[in-house]
Amino acid sequence: WQIRVIYKDDNGDEQTATVTVTTNTAQVTTDKSTYDLGQTIILRVVEPDWNFDSDKIDEIPTNITDLVVNSDKVSDDTLAIIGGLSGITLDPSNVLRETGKNTGIFEIQIKNINSNLVSRGKNLEFTYTDETPSGGGTDLEVKHVVLITAAQVDIIFDKETYTPFDRVLVSIVD
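On a predicted model such as this, the values are computed, not experimentally measured, just so you know.

Asker: Got a sec to walk through the nonpolar core? Specific residues and values, please.
Answerer: Nonpolar side chains tend to gather and get buried jointly when the protein is soluble and globular. Of all hydrophobic cores here, the largest spans 29 residues; its most connected members are Leu79, Ile110, Leu117 and Phe126. When contributions to this core are tallied by element, the ones reaching two or more residues are β5 (41-46), β7 (67-70), α1 (79-83), β11 (105-111), β12 (123-130) and β13 (140-148). If we ignore the near neighbours within four places in the chain, the residues touching Leu117 are Val69, Ser71, Lys73, Val74, Ile82, Leu85, Ile88 and Leu124.

As structure tokens, this is what we get:
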């Protein structure tokens, strides 16, 4: 895309200037590819098209329907809905915040992921619909999937054999 400005003065002299408008295809990433329940996910959306003001840190509300979450427990829920699940908090609480002025990189932390959001051993999928992908054209869904690890519980006895009168000490490490 281009913007072209033509200026004509009273004497009939003409001056033309043209600039190019570029679009970018968004990226959705996380700080890790696998998580345990109880951990924090740092969700990052690289979307220069959200960088509305290059002189300030922009914020995007979590209730936008362009960014949704899917798992075995939720379906096309916004981050605002995810933040309302029991035990889960978002930081910042209601926005994806640009990481600095004019970066076009937006982050939010999803703290204390739990079984209200996704089951162990299942995937958690983030989908962003980019309405202005590179080169123009139709909307493009950008997906990022993380795995929530299956339970890895260790059951440890204090010794290997016991008499009927021994005290048994069992430790469970989850």
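From this point, the discussion proceeds with the structure in view.
Asker: Tell me about the side chain of Asp77, residues and numbers included.
Answerer: Within the fold, Asp77 resides in strand β8 (residues 77-78). One buried charged side chain, Asp77, makes no salt bridge at all; its nearest oppositely charged neighbour is Lys73, positioned 12 Å away. Apart from the residues lying within four places of it in its own chain, the contact partners of Asp77 are Leu67, Val68, Val69 and Ile82.

Asker: Quick rundown of the environment of Asp36? Include the residues and the values.
Answerer: Topologically, Asp36 is positioned in the loop between β4 (34-35) and β5. Given the relative accessible area of 35%, Asp36 is considered partly exposed. Along the sequence, Asp36 and Asp49 sit 13 residues apart, while their C-alpha atoms lie 32 Å from each other. Excluding residues within four positions of it along the chain, Asp36 makes contact with Ile113 and Thr149.

Rules used throughout
Residues numbered from 1 in each chain as written. Predicted model: local features only at pLDDT ≥ 70, side-chain atom pairs only at ≥ 80, totals over all residues. Heavy atoms only, no water. Core = buried A, V, L, I, M, F, W, Y, C linked by side-chain atoms within 4.5 Å. Buried < 20%, exposed > 50% of the residue type's maximum accessible area, 1.4 Å probe, protein only. Helix = DSSP H or I, 4+ residues; strand = E, 2+ residues; numbered from the N terminus. Contact = heavy atoms within 4.5 Å. Lys, Arg positive; Asp, Glu negative; His and termini not counted. Salt bridge = Lys/Arg side-chain N within 4 Å of Asp/Glu carboxyl O.

Purely spatial values, then, with no claim about function.
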